[in-house]
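Tertiary structure, described
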Amino acid sequence: MFMDSLLAFQLDKKDVRGRLARVGPMLQDILKNHNYPDRISLLLAEVTLLTALIGEMIKLRWRLSLQIRGDGPVKLLATDYFAPSKGKEAAKLRAYADYDKKSDFSDKIISSDLIGRGFFSLIIDQGRNMEPYKGITPIVKGDLSNSAKTYFFQSEQILTSFFLDVTKNYSSGKESTWNAAGLMVQELPNLKEKKQRFSTEKWKNFSDKIKENVKNKFRENKLDEYKLLSEVFETMDITVYDPKKIKFGCSCKKDKLLSTLRGHSREELETMQDTKGVIQADCQFCGKIYKLKID
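Quick summary incoming for the structure in this document. Note that the coordinates shown come from a computational prediction; the quantities given were computed from them, not determined experimentally.

Now for the pattern of salt bridges. Throughout the structure, instances matching the rule amount to 15 salt bridges. Note that Lys32 and Asp29 form a salt bridge whose closest N and O atoms lie 3.6 Å from each other. Using a relative accessible area of 29% as the deciding quantity, one classes Asp29 as partly exposed. Residue Lys227 is joined to Glu231 by a salt bridge in which the shortest nitrogen-to-oxygen separation is 3.9 Å. With a gap of four residues between them, Lys227 and Glu231 both fall in helix α6 (residues 225–233), about one helical turn apart. A residue is classified by how much of its surface remains accessible, and Glu231, at 31% relative accessible area, is partly exposed. By sharing partners, the salt bridges in this structure join Arg19, Glu56 and Lys244 into a single network.

Our focus in this paragraph is the packing of aromatic side chains. Evaluated as defined, the whole model comprises 10 aromatic pairs. With centroids separated by 5.1 Å and ring planes inclined at 85°, the aromatic side chains of Phe198 and Trp203 adopt a geometry described as edge-to-face. Assessed through its relative accessible area of 3%, Trp203 is described here as buried. Between the aromatic rings of Phe198 and Phe206, the centroid separation amounts to 5.8 Å while the plane-to-plane angle is 35°, which identifies the pairing as tilted. By relative accessible area, which is 11% here, Phe198 ends up buried. Using a relative accessible area of 7% as the deciding quantity, one classes Phe206 as buried. These aromatic residues form a ring-pair network of at least three members: Phe120, Tyr151, Phe152 and Phe162. Against the face of Tyr99 rests Lys101, its NZ or CZ located 4.7 Å from the ring centre.

Conventions adopted
- Residues numbered from 1 in each chain as written.
- Predicted model: local features only at pLDDT ≥ 70, side-chain atom pairs only at ≥ 80, totals over all residues.
- Heavy atoms only, no water.
- Salt bridge = Lys/Arg side-chain N within 4 Å of Asp/Glu carboxyl O.
- Buried < 20%, exposed > 50% of the residue type's maximum accessible area, 1.4 Å probe, protein only.
- Helix = DSSP H or I, 4+ residues; strand = E, 2+ residues; numbered from the N terminus.
- Phe/Tyr/Trp six-rings, centres within 6.5 Å; stacked < 30°, edge-to-face > 60°.
- Lys NZ or Arg CZ within 6 Å of the ring centre and 35° of its normal.

Shape is all these values report; function is a separate question.
This is the structure we're talking about:
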């Protein structure tokens, strides 16, 4: 029931809110149309998990986009999170990676070298007639969780922590699968006094305790999410809300592509056409191939 879903919760006496997410089949749908090396799949699973956690935390009417751009072999990790249009519908998420296919992605290469230096960008688009909000912070040593944490502290002045776990499961005679679980906690700012409730040191101690408690729990065969939250936060008063579903979903459409192409000049279109006057375009997210002809 809880795979591909999110649980929102709040630590009432701590004035901390959080999200717990687990993704599995959705990751397979994201990865199945791409022949990514394992190291790329792992990074894309991490950024997908971060996007799900952040997207559910924000009061979103349409789309949240997360982009990681670096100067290493991994050039881009991009995700889109689409909020449900109705209350009980599943949120939709898509993701893709752009990378140097000639590079070495073996385990001997450390993750910080794969991404290198670059930026972590969050774009919140609330829909028609609304100006999108874009926040950018530097990537922190190739670490996606710390980059997200830094984003919230620098752009929102809110202390936040992320705890992510991604695994690849190997089954004899079957295709291997990916699973990911993540926890996000964030302080609720003291709006009356307009200051943080936690000192940096107290938040670090709070986060370190969570990290120690959550260690290895994500990989339990029969994970009980409610039990996990109870054990991780022990004696703290916690309110847990109803789970929300997430699934893979792509917004690419033939009409959108045709509209984009019609913005090009006749000369530009001719360079894109094959001998039969057909333009082939593929969606980077879902891998769907469109064959279009411009009148």
